[in-house]
Amino acid sequence: MPHHDDSRKLLIIEDDLGLAKQLGWHFLGMQVFTAAAVDSALAIVRAEQPQVILQDLGLPPDAQGVSEGFRCIEAILDIQPNSKILVMTGKSEEANALRAIGLGAIDFFHKPVDPDTLDLIVNRCFETHRLRAMNCRDHLMVDDLVGEIRTQNPEMMRICRSIKKLAGTEITCTLMGESGVGKDIFANAIHRHSPRKDRRFQAINCAAIPENLIESELFGYEKGAFTGAAKQTAGKIECADGGTLFLDEIGDMPLLLQTKLLRFLQQRTIQRVGSTHDIAVDVRVVCATNKRLKSMVSEGSFREDLYYRICEFEVEIPPLRARGGDRLILADYFLAQTIDKYHLVDMQGFSAAARAALLTYDWPGNVRELESKIKTAAVMSDNPLITLDDLNLEGVAGTEATEVSDGCVNGSVSLREARKLAEVSAITSALDKASNITEAAKILKISRPTLYDMMTKYQLEQPG
Ligand SMILES: Nc1ncnc2c1ncn2[C@@H]1O[C@H](COP(=O)(O)OP(=O)(O)OP(=O)(O)O)[C@@H](O)[C@H]1O
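Residues numbered from 1 in each chain as written. Predicted model: local features only at pLDDT ≥ 70, side-chain atom pairs only at ≥ 80, totals over all residues. Heavy atoms only, no water.

**Section: the overall build of the protein chain**
Reasoning step 1: From N to C terminus, the protein chain includes 19 helices and 18 strands.
Reasoning step 2: Restricting the contact set of the protein chain to residue pairs at least 6 apart, pairs at least 24 apart contribute 66%. (Helix = DSSP H or I, 4+ residues; strand = E, 2+ residues; numbered from the N terminus. Contact = heavy atoms within 4.5 Å.)

As structure tokens, this is what we get:
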């Protein structure tokens, strides 16, 4: 008698009742549910949340076709994105199986299936589900740490943990990284998790203020200090007293002002323009820049002493293209936000080719670019699934023939696209789980050189 494990729930979606029963007997060791059509399957998914689903593609009323099978995969993943769906197909249905993987199924096998192979695949799915659920808990934990930051990337999670620790201190830190990687939201997170959270978060974009105004903006001025100084005015630093001062684009601060800022950071006092009176100000300083400050120091355009003063702790936020599966997590997140905001009730997600492109595109504008592409695509798309064309990615040709009617995708993604998507998803998820290439290659059961080749081919980055 096999050991019975009630925590394992398996749903079999199969309209051949004989086969469904036979499969049910095979898995006596777990809770098994069966359904013969999409609606009854979805009802079970909602009520029981099975971790693993064995699904036939030919389901009534389209038992000879695949439209119901595909609809079922999408609807299940909509309800429960972490479901592990295994697709059962006939021998000649490789293209459909790959397309199912493109839609989010984890694997497929041909009928009739060898019982030992079936056991292996199903057990592996339960294990993958368990690991993913653990990862998600970790993700939620990090989410809780830093508010709206969405990530499952190990390097980003490490950064989130550092930020949490850093927040409780008075250390002056500088966030580095390309434009749009999320420096602003990290700066905000530092403030919200600090003892100063109930006081002001005062942000200044040093690149956005004309050079001749920065000084008075930062330090304030006395009445009559210059033409137009009609009344005594406190500067941004003074206004931040008790709270956090966020100096964004610090690399754009003019040299002369750098000297004045350094003096403030050393003495913690300011003098308004037109005054020699020192005013003590108690602020926590956080800086951000997309410039290479160290090179600026060597070139003489950034003061070395200021560099060391603001970089007591340096955080390098990786570009989006180096964050593996985060691209899909963030894409889903921004899509959900847009659906909510604009009540896009018919919008269901991304087509397989669009998902593949989300993972392989370089995202030079990082998260900001991703956010704006997804929002525009969701609002402008005429289809329930956002297509590659809708995303309008520079240098990526729209090669998708996706026809949509009645909420079902009838057109097909080319076999090449589906294979690419399956490979990219598998590689990024292995890279996310593994701490190095060797481990990732092991998970994927391929050699390291092969993995390197594939990463180069799909422009995927190494784990941090
Ligand atoms: N991990 C994340 N999770 C959710 N939203 C994010 C994440 N990272 C960035 N964003 C969003 O992406 C957009 C750009 O982020 P942000 O403004 O923080 O980037 P930045 O690095 O400060 O850019 P810049 O250097 O141009 O100022 C914002 O709308 C932000 O909310």
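So, next bit.
**Section: the packing of helix α6 (residues 154-167) against helix α7 (residues 183-192)**
Reasoning step 1: Running from amino to carboxyl end, α6 crosses α7 at an angle of 40°, the nearest separation of the two axes being 8 Å. For the element pair α6 and α7, the recorded crossing hand is right-handed. Where α6 abuts α7, its residues M156, I159, C160, I163, L166 and A167 lie against F186, A189 and I190.
Reasoning step 2: The residue inventory of the contact of α6 with α7, partitioned by class, reads nine nonpolar, no polar and no charged. (Axes fitted to C-alpha atoms, helices over the stretch in contact; angles between N-to-C directions. Left-handed = near helix turned anticlockwise from the far one by under 90°. Nonpolar A, V, L, I, M, F, W, Y, C, P; charged D, E, K, R; others polar.)

**Some words on the sheet that holds strand β2 (residues 30-35)**
Sheets are built from strands that pair by backbone hydrogen bonding, the pairs being arranged parallel or antiparallel.
Reasoning step 1: With parallel pairing, the five strands of this open sheet are ordered in space as β2-β1-β3-β4-β5. Of all strands in the sheet, those bounded by a partner on one side alone are β2 and β5 (107-110). Across the sheet, the mean angle from the axis of one strand to that of its neighbour is 20°, orientation sign disregarded.
Reasoning step 2: Helix α1 (residues 17-26) rests against β1 (5-13), β2, β3 (52-56) and β4 (84-89) of the sheet, and its axis sits at about 165° to β1.
Reasoning step 3: Here helix α3 (residues 67-79) sits on the sheet and contacts β1, β3 and β4; the angle it forms with β3, its principal contact strand, is near 165°. (Pairing = 2+ DSSP bridges.)

**Considering the site of the ligand**
Reasoning step 1: As a matter of local geometry, the ligand sits amid 19 residues, with S179, G180, K183, D184 and E371 nearest to it.
Reasoning step 2: A distance of 2.9 Å separates a nitrogen atom of the ligand from a polar atom in the backbone of R150.
Reasoning step 3: Here an oxygen atom of the ligand sits 3.2 Å away from a polar atom, N or O, in the main chain of I185.
Reasoning step 4: Contact with the protein chains removes 86% of the 630 Å² of surface that the ligand exposes when unbound.
Reasoning step 5: In this structure the site holding the ligand corresponds to the second largest pocket.
Reasoning step 6: Across the shell around the ligand, the residue classes tally to seven nonpolar, three polar and nine charged.
Reasoning step 7: Each of two domains, domain 2 (154-317) and domain 3 (323-457), supplies a minimum of three residues to the shell around the ligand. (Near = heavy atom within 4 Å. Polar contact = N/O pair within 3.5 Å; in protein donor to acceptor, adjacent residues only side chain to side chain. Areas by Shrake-Rupley, 256 points an atom, 1.4 Å probe, with all protein chains shown as cover. 1 Å grid on protein atoms, 1.4 Å probe; cavity = no way out; pocket = protein on both sides within 12 Å on 5 of 7 lines; lining within 4 Å. Sits in = over half its atoms within 2 Å of the grid points. Domains from an automatic or database assignment.)

**Side note on helix α14 (residues 352-360)**
Reasoning step 1: Summarising burial for α14: nine of the nine residues are buried, a large majority.
Reasoning step 2: Every buried residue of α14 is listed here: A352, A353, A354, R355, A356, A357, L358, L359 and T360. (Buried < 20%, exposed > 50% of the residue type's maximum accessible area, 1.4 Å probe, protein only.)

**Topic: the environment of E93**
Reasoning step 1: Mapped onto the fold, E93 is located in the loop between β4 and α4 (94-103).
Reasoning step 2: Counting along the chain gives 36 residues from E93 to L57, while the straight-line C-alpha distance between them is 9.7 Å.

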